[in-house]
Number of protein chains: 2
Amino acid sequence: MARPTVQDVAKTAGVSVGTVSRVLNGSSAVSEAAKEKVNAAIRQLSYRPLASARDLRRDRTMRVLALAKNLDSLVISEVFRGVGDAAADSGYVSLIAATDGDLDREQQLVDMLRNGSVDGLVIFSPTMPDDDVNTVAEQLSVIQVCEIVDAEAAFGVSIDDRQAAYDITKHLMDTGAKKLAMLAHRGARSGRLREEGFRQALTEQGLEPDQILFGEGNFGFHAGRTLARKLLKAKDRPDAVFCGTDVVAAGCVRELTDAGLRVPQDIAVAGFDDSAQAEMCVPELTTVRQPAYEMGRVAFAELLDRMTVPGAHRQGRTFLAHELVIRDSTK
Amino acid sequence: MARPTVQDVAKTAGVSVGTVSRVLNGSSAVSEAAKEKVNAAIRQLSYRPLASARDLRRDRTMRVLALAKNLDSLVISEVFRGVGDAAADSGYVSLIAATDGDLDREQQLVDMLRNGSVDGLVIFSPTMPDDDVNTVAEQLSVIQVCEIVDAEAAFGVSIDDRQAAYDITKHLMDTGAKKLAMLAHRGARSGRLREEGFRQALTEQGLEPDQILFGEGNFGFHAGRTLARKLLKAKDRPDAVFCGTDVVAAGCVRELTDAGLRVPQDIAVAGFDDSAQAEMCVPELTTVRQPAYEMGRVAFAELLDRMTVPGAHRQGRTFLAHELVIRDSTK
DNA sequence: TTGAAAGCGCTAACAC
DNA sequence: GTGTTAGCGCTTTCAA
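What counts as what
Residue numbering note: each chain is counted from 1, following its sequence as written. Here every chain gets a letter starting at A, and every ligand a number starting at 1, in the order they are written. Only residues with pLDDT of at least 70 are given local features in this predicted model, and only at 80 or more are side-chain atom pairs given and counted; all residues enter the totals for whole chains, interfaces and linings. Side-chain numbers come from the whole structure's heavy atoms, not from hydrogens or water. Throughout, the term near means that a residue has one or more heavy atoms lying within 4 Å of the molecule or strand in question. Whenever two N or O atoms come within 3.5 Å, that pair is a polar contact, provided that in protein one can donate a hydrogen and the other can accept it, and provided that, for residues adjacent in sequence, both atoms are side-chain atoms. Secondary structure is summarised from DSSP: a helix means a run of H or I of at least four residues, a strand means a run of E of at least two, and numbering begins at the N terminus for each. When residues are sorted by character, Ala, Val, Leu, Ile, Met, Phe, Trp, Tyr, Cys and Pro go into the nonpolar class, Asp, Glu, Lys and Arg into the charged class, and all the rest, Gly among them, into the polar class. Least squares is used to superpose the copies, and the fit set is the C-alpha atoms of residues whose pLDDT is at least 70 in both copies. The contact criterion used throughout is that any non-hydrogen atoms of two residues lie within 4.5 Å. What a helix should span is 1.5 Å times the count of its residues minus one. Note on classification: 1.4 Å probe, protein chains only; a residue is buried when its accessible area is under 20% of the maximum for its type, exposed when over 50%, partly exposed between these limits. For this analysis, a nonpolar core means a set of buried residues of the types Ala, Val, Leu, Ile, Met, Phe, Trp, Tyr and Cys, connected via side-chain atoms within 4.5 Å. Strand pairing is defined by DSSP finding a minimum of two bridges between the two strands. Note on geometry: axes are C-alpha line fits, over the in-contact stretch for helices, and angles between N-to-C directions span 0 to 180 degrees. Working definition: a disulfide is two cysteine sulfur atoms within 2.5 Å of each other.

Asker: What should I look at first to understand the protein's contact with DNA strand C in this one?
Answerer: Close contacts around DNA strand C come from 27 residues, with S31(A), R57(A), V6(B), Y47(B) and R57(B) the closest. Here DNA strand C approaches the protein such that, of its atoms within 4 Å, sugar and phosphate make up 62%. At 2.6 Å from a base nitrogen of DNA strand C is found a side-chain nitrogen or oxygen belonging to R57(A). Taken together, the elements giving at least two residues each to the surface near DNA strand C come down to helix 2 (17-24) and helix 4 (51-58) of chain A together with helix 2 (17-24) and helix 4 (51-58) of chain B. Broken down by element, the surface near DNA strand C gets its largest block of residues, five residues, from helix 4 of chain B. Along the lines of polarity and charge, the residues of the surface near DNA strand C split into 13 nonpolar, seven polar and seven charged.

The following block contains the structure:
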C-alpha cells in the first residue's frame, strides 16, 4: 500500500484528522480514549508524518546544516560533534556536508538555508568571500566557527588564533629559541592570524622572523616534509619551527629526524590544534589545544538564538580559551 | 518583506504561476520573452523555491543521507567524499550525520528516510541490529558500505575484509613470522571478519594464533599502546602482530619502540586501511589499502538504482579490490 | 474535546 | 505557449 497519511490514520482510528494531528503534536486537548485509538492506528499502519508537508505548514524544519571544506580533520569532526550534541539537546538534527572547496557546491549547500531545507547554518571553512558570508548572515541564521576572518563585521565562535600563536611563539623563545621559522597556512583564515601572532611575538622581542614558508594547496603531512626540507637548505638553519597545524608539524619533525637532527635539542618544533597526531608524533608535539567540542556547542547555542529570537542576528564574536600543551618537541 | 512565492514572481513578471513553474523547471514550452521576464523577476525578488513545498509536490527531495558512528576516520571521510561526488554528478545532495553509537540518535536519523526528509540512506557503521537494517532496506532505499555483516542477506559495498586480512597475514608468514598475534576490533563487523581471515591464514599453515587481544570501547592509538603492553608481558613474545586498523598499529609500534624493540627486526607489525597514519608512523606501516573514495562512488551508484528503478531493492553484495601496501614495518 | 475546512507554496494536468 | 486549478499531507483556526 501507498504511504499512509493522516487521513488513513484518522479513518482507521475512527476520528478526524484534526484529532490525529493533535495527538501527533502532543496537544493537551485530546481525550485519553482518542489518544489511544490514534496511537494504535499509527502503530498498525506504521505511520510517519511526511517531513515536507509538516515543514511546509510549520515553516521550519528543526534541522541545521554544518559546512566545511572537508571532514578529514579531527578539529572539524570534534566541532561538529559538539554542534550535533547541542542540536540534539534542543530537538534539532544537525546535518553535515563537505564543500570540497568548490564554490558551486558550497552555493548549492548554502541554498539549502535560503530555500528552507534547513533552519540554520554553521560554517566552518567558507570558500566564498567574507562579504558573501556576511550578506547571507544578515538575513538568515548563520554562525561561523573556527575559521573566521579578522574583520570588524566578523561574527562567530573561535579561539583567538593570533593570541594563541603569539603564546606558543613566546614559549619557543622562552625556552631559548633565537632563530624562528614558521610553516604557515596562508590558505586559511586562521592560518593567516597565526602567522600574525608569530610575527608579533618576534617583533616584541626585537627579533626578525627567520624563514616563513607556506605551501601551495594541501597543507598536510607531506607539505610539512617538503617545507622542512626547504628549511634545511638554508646555510644557517633555524633553531625552532612553529607549524600552523599538528599534521604539518608531524611532517616537519619526520623530515628533520630523518635528516639526523634531534628534536628538540637541535631544533624545536611546535604544532597547533592538539589533534590526535600530536600524541602520535615522536617526540610528542608541543601544541595549542582548541576546545573544539565546546566550540561546536557554543556555536549551536548562538545559532539557536538567531533561529528563535526574532532579529537576533547579532554580529558578536565569541572567543573561547585556548591552552598551551607542552610536550617533548620543545625544550 | 516576507519570503516571495511563485505568486509574487508571477505578478512581478506579469505572467501566471504556471509559466513561472515551467521556467523554474526548465520546461521547453516557454517563449523566450516569458522566460526572460520570469528570470528578471526572480533576480529582482531574490526568489528561491521553497524546498518543502517542492518536495511535497514532487514526492522526492534529491537528497541522501550518509550515516556513520563518527567522522574521525579518514576511511569514512573518503568514502563519504566519494558518495558526495557521485551524488552531485546525479544532481543529488549528500548530507552526513554521526550517530555517535547512540541507538536513539540513529533511529531519529533513519527516520529521516522514513519520513521523506531524504530519498536514500548510506549506512557506514550501523548501531542497530542487522535485522533492523534489513527491514528498513526492504521497503526503502538503503545501501551499506564497508561495515557489512557477513550474512546471506547482507547487501552493500565493501572490500573482502576476510580475504584482505588473510592476505596480509600470509605476507607476515611469508616474511618469516611464526608466532603471530592480533589486536582485533570485535566491536566492528569488519573487525570480526578480519579476525576470521587472520585465523584462517594461520590454520592453513598449521599454525595456532598466538595472543588475540581486543580492547573495550575505543579502538584507537591508546588502545594500540595498551594492548601492545599486554603483548609484551607474555614470556614468549610474538614475532609479528596484525592490527585491525592503522591507528592501532601506530600505537602498537610506538609502545614496542619505546620498550626498546626494533620494528620489524624484532617484531613485525601490520596495519589495515592505509590511512594517513600509516605513512606518519615510524617505521611506515605495511597495511591494506581500501579504495575508500571509489567505494563511496559505487555505493551511491547502487543507491541511485534503488531510488530510481522501482523494485530495485536487490540484495547484492559488491566487493571492491583491496591492495597490499608493503612498507617498512614488516620484513 | 472534537470535526470541518482553509491554506502553507509548489507542480502538473487540463483547457484554451 | 500560456493560464487556471486541483491537490500533495499536514497543522491550525474556528465552530460546535
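Asker: Looking at this structure, how should I read the relation of the copies chain A and chain B?
Answerer: For these two chain copies, the linking operation is a rotation about an axis paired with a shift along it. Aligned on chain B, chain A shows an RMSD of 0.1 Å; the corresponding rotation is 180 degrees and the shift along the axis is 0.0 Å. Each copy turns onto its partner about a two-fold axis. Mapped onto chain B, 100% of the interface residues of chain A are again interface residues, and the two copies thus contact each other with one and the same surface.

Asker: What am I meant to see in helix 5 (residues 74-89) of chain B here?
Answerer: Think of an α-helix as turning once every 3.6 residues; residues three or four places apart then point the same way. Across its 16 residues, helix 5 of chain B extends 22 Å between first and last C-alpha, which sits within 8% of the 22 Å expected from 1.5 Å per residue. Within the sequence span of helix 5 of chain B, burial applies to V75(B), I76(B), S77(B), V79(B), F80(B), G82(B), V83(B), G84(B), D85(B), A86(B) and A87(B). Lining the buried residues of helix 5 of chain B we find helix 6 (103-114) of chain A together with strand 1 (63-68), strand 2 (93-98), strand 3 (120-123) and helix 13 (292-308) of chain B. Where helix 5 of chain B begins, one side-chain oxygen reaches toward the backbone nitrogen of V75(B), 3.1 Å away; that side chain belongs to S73(B). One or two steps after helix 5 of chain B, the chain reaches G91(B), where phi turns positive at roughly 80 degrees.

Asker: Would you mind going over the environment of D104(A) with me for this structure?
Answerer: Residue and element names in this part refer to chain A. Relative to the helices and strands, D104 resides in helix 6. On the basis of relative accessible area, D104 is assigned to the exposed category, the value being 63%. Along the chain, D104 and T127 lie 23 residues apart, while their C-alpha atoms are 9.6 Å from each other.

Asker: Could you clarify how one ought to interpret the nonpolar core in this entry?
Answerer: The tendency in soluble globular proteins is for nonpolar side chains to be buried as a group. Within the largest apolar cluster, 96 residues are counted, with the highest numbers of intra-cluster contacts made by F80(A) and F80(B). With residues up to four places along the chain from it excluded, the contact list for F80(A) reads A66(A), L67(A), A68(A), L71(A), I96(A), V122(A) and F124(A). Counting 36 residues, the second largest nonpolar core, distinct from the first, contains M128(A), V142(A), A97(B) and L113(B).

Asker: Looking at this structure, I do not really get the sheet that holds strand 7 (residues 212-214) of chain A. What am I missing?
Answerer: Hydrogen bonding along the main chain pairs the strands of a sheet, whether they run parallel or antiparallel. Residues and elements named next belong to chain A. Here four strands make up an open sheet; going across it, the order is 7-6-8-9 and the pairing parallel. Each having just a single partner strand, strand 7 and strand 9 (268-270) make up the two edges of the open sheet. Neighbour-to-neighbour, the strand axes of the sheet open up by a mean angle of 15 degrees, direction not taken into account. Relative to strand 7, strand 6 (residues 180-184) runs parallel, the two sharing three bridges. Its bridge partner being in strand 7, M182 is matched across the sheet by I212. Against the sheet, helix 8 (residues 161-174) touches strand 6, strand 8 (240-243) and strand 9, its axis set at about 165 degrees to strand 8.

Asker: Hey, could you run me through the protein's contact with DNA strand D in this one?
Answerer: Around DNA strand D, the surrounding shell holds 28 residues, and the nearest of these are V6(A), Y47(A), T19(B), S31(B) and R57(B). Backbone atoms, meaning sugar plus phosphate, form 59% of the atoms of DNA strand D positioned within 4 Å of the protein. R22(B) is positioned such that a nitrogen or oxygen atom in its side chain is 2.7 Å from a base nitrogen of DNA strand D. Among the elements that line the surface near DNA strand D, the one with the most residues is helix 4 of chain A, at five residues. Per-class residue counts for the surface near DNA strand D are 13 nonpolar, eight polar and seven charged.

Asker: Hey, could you run me through the side chain of T19(B) in this one?
Answerer: Inspection of the secondary structure assignment puts T19(B) in helix 2. For T19(B), the residues in contact, after removing those within four places along its chain, are V30(B), A34(B) and V38(B).

Asker: Looking at this structure, I do not really get the state of the cysteines. What am I missing?
Answerer: A covalent bond between the sulfur atoms of two cysteines is what we call a disulfide. Residues and elements named next belong to chain B. The final tally for this structure, using the stated rule, is zero disulfides over all chains. In this structure C146 is a free cysteine whose sulfur lies 19 Å from that of C243, the closest cysteine sulfur available. By relative accessible area, which is 5% here, C146 ends up buried. Take C243: it sits in no disulfide, and the sulfur closest to it among the cysteines is that of C252, at 4.3 Å. Judged by relative accessible area, C243 falls into the buried class, the value being 0%.

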